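Coordinate inspection notes
Single-letter residue listing:
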Amino acid sequence: MSTASPSGLSREDGELGGSRRSGATTAAVPDAMDTSQDEPLGGRGGGSDAASIATLIDALRAEDVAQRLNAVQRLPLIAQAIGEERTRTELLPFVTESIDDEDEVLLALAGQLDAAFLPYVGGHAHMTVLLEPLEHLAQVEETVVRERAVESLVSLVRACSVGDALIASSFYPLVKRLAEGDWFTSRISATGLFAATYQRLPAAQADVKAELSALFVTLAKDDTPMVRRAAASHLGEFAQALEPSNVSGMLLRLFAELADDDQDSVRLLVVENGPSVAGLMAAPADKEALFNVLRKLAADKSWRVRYLVSDRLVSMAPPDMLPLFTCLLRDGEAEVRTAAAFQIAEVARRVGAERTTRELLPEVRELVHDANQHVRTAVASSMMPLAPIIGRAETTSSLLPMVLTLLKDDAPDVRLAVISHLDPVAEVIGLERLAKDLLPAIVELAEDRNWRVRLATIEHMVLLAKQLGRPYFDVDKQLGTLCIAWLSDSVYAVREAAIANLRQLVQLFGSRWAADQAIPPVLDMYGQSSSYLYRMTALHAVGALATVTDASTVESLLLPVLLDRACRDPVANVRLVAAKMCVQVAPRVSSKAREQRLRPALVSLSSAGGDEHDVDVVHHADQALASIFGERVGSGTANASGGETAAASRTSS
């Protein structure tokens, strides 16, 4: 039985939610139907709107999690309906006492109570009513809920201007309470609020700023590793908010202390934030102190830390980058060498041609013969941009032998990485110097047992064609033969890529090359293949080639196989593809050819012809006629026995 309080509140047996929160004292939720204190809902859509709001309010205390989740996600709608005052005095106290709910409901609630919710509580002046529920949410056990609550709190801080009275009166005490909380979850959440709060404090409140900085340092030295990890993750963000004097003093000392932490997860986050901190260091002495820490991290006992140093080294740009980098290239862990190898080109750009030739190339030469395949793949990917840096002479004498070695590597991924990144070398010395060794490597990749390697090889053919030129891609040459052979691959994705590759080659070499080299093998493939799948592939190739060749070539070479043979193929799937390809071919031929050749062939397959018994073929032929000629043909009933459904009503396959 419900009892209503004088303010129009509804309670079930004295408690909201009944058995869902048994034993808990809860705030009153607004009575779903009491909207007399605000704008009548009827004016916004009548009784149906009022009923909808009533349903949502009731759902806030429902037993079913999905209903509560839906209600929380529509909290702004409820707040708008009941008005700003009742949202502040009734709705928010109720949801604050619902913090023991399911995590997914709490996550949705934390997301709702951000700066976008301010208009529903009366604007900036009443912002503080949102802080209490968010403070509770920032202390729950579930990580994603805490993180979302912190995001909402940060959005509220950023809604304030610098020097806003709320920063010192409300947000600073909140951060302090969280930072001094007994449970580690609150201290973790506090670390995410320091930067935004500090930025909004005016210079006149130096004592408050100093206390905030001291609190952050305390959290960075917390006994709980998770708290130290959270502080380390926000180190760069907090550094951006600090004054330069504090960065070079307090923060630099803190950076060094966290770099000595006994938890490698904390040291990892120090490296992660290193570029942000390094960018704020202006004095040479400060930079040197920071880079001393970096050198220590580069020799860290944890390979994960060294790995991250390898990845972030260039962005921090220490003055002695090259010696540090070469040490990482020689690291005992393959993962560290791989991460460093990916940075070879970037480091070379920073140190210049002379030091690259003298100090870096010998290290790269060693990695070319590394025992780990992933290291060699990384080297193959990143060493090619060295060519324009070191010049033609050094590329020919030093880099080219390494490229040729990698082209003969046992691992297909290494050879593929070389082929994928050959552009810089080709621009400096030309691919003709590589052709002798390049072609055998490509042939091996083209025949690799892994279809993904074959697919990746096809995707680089056009790049090679631009560099090597047309003679290498004639069908009596190795590369031309490969491009045709891929059309008969056992994997559909490879055949599809081969068609796209052939089309791009025709775009590059022209219609004459298509007529002489590309189209005849495709026509032979259709005529000689006993498999309908390969005949369908040939037809797809016909459709693709028709879009990039001239009308005379299409009419003389492609239309005969499409209309005279494919439209009469004994396999219905082939006839269906032929009908589809007619749509692609039609724009490329003359109106005379469309009327005298395409129309009769399609009519014979359509419902108007009466000779075709496959409903799907009839359907696609009717669609083709409608697309090309704007005609709607046939009654839609197939001629097949058994009263089959009309092809026109069937979904296109």
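What counts, and at which threshold
- Residues numbered from 1 in each chain as written.
- Predicted model: local features only at pLDDT ≥ 70, side-chain atom pairs only at ≥ 80, totals over all residues.
- Heavy atoms only, no water.
- UniProt positions renumbered as here; feature names shortened; annotations may be inferred.
- Core = buried A, V, L, I, M, F, W, Y, C linked by side-chain atoms within 4.5 Å.
- Buried < 20%, exposed > 50% of the residue type's maximum accessible area, 1.4 Å probe, protein only.
- Helix = DSSP H or I, 4+ residues; strand = E, 2+ residues; numbered from the N terminus.
- Contact = heavy atoms within 4.5 Å.
- Expected span 1.5 Å × (residues − 1).
- Axes fitted to C-alpha atoms, helices over the stretch in contact; angles between N-to-C directions.
- Parallel < 35°, antiparallel > 145°, perpendicular 65-115°, else oblique.
- Left-handed = near helix turned anticlockwise from the far one by under 90°.
- 1 Å grid on protein atoms, 1.4 Å probe; cavity = no way out; pocket = protein on both sides within 12 Å on 5 of 7 lines; lining within 4 Å.
- Points joined across faces, edges and corners; volume = space filled by probe spheres on them.
- Nonpolar A, V, L, I, M, F, W, Y, C, P; charged D, E, K, R; others polar.

Entered under Sequence similarities (unreviewed entry) in the UniProt record, the comment concerning the chain runs "Belongs to the phosphatase 2A regulatory subunit A family."

Core analysis: the largest hydrophobic core is formed by 219 residues, its most contacted members being Phe194, Met383 and Phe473. Ranked by residue count, the leading element in this core is helix H24 (residues 386–407), at ten residues. Ignoring anything within four residues of it in the chain, the contact list for phenylalanine 194 reads Val175, Ala179, Leu212, Leu215, Phe216, Leu219 and Phe238.

It is worth spelling out the side chain of threonine 356 at this point. Its place among the elements puts threonine 356 in helix H22 (residues 353–368). Under the relative-accessibility criterion, threonine 356 is labelled buried at 0%.

The end-to-end C-alpha distance of helix H33 (residues 532–546), which contains 15 residues, comes to 21 Å, matching closely the 21 Å that a straight helix rising 1.5 Å per residue would cover. Within H33, the full set of buried residues consists of Arg535, Met536, Thr537, Ala538, Leu539, Ala541, Val542, Gly543, Ala544, Leu545 and Ala546.

Interhelical geometry of helix H21 (residues 344–351) versus H22 gives an angle of 160° and a closest axis separation of 10 Å. Looking at the two axes, H21 sits roughly antiparallel to H22. For the crossing formed where H21 meets H22, the hand is right-handed. Where H21 abuts H22, its residues Ile344, Ala348 and Val351 lie against Arg355, Thr356, Leu360 and Val364.

Moving on to the layout of surface pockets. Counted as a void, the largest pocket has a volume near 240 Å³. Broken down by secondary-structure element, the contributors of at least two residues to the lining of the largest pocket are helix H8 (143–158), helix H10 (184–191) and helix H13 (225–233). Counting residues per element, the lining of the largest pocket draws most heavily on H8, which supplies five residues. Per-class residue counts for the lining of the largest pocket are four nonpolar, five polar and four charged.

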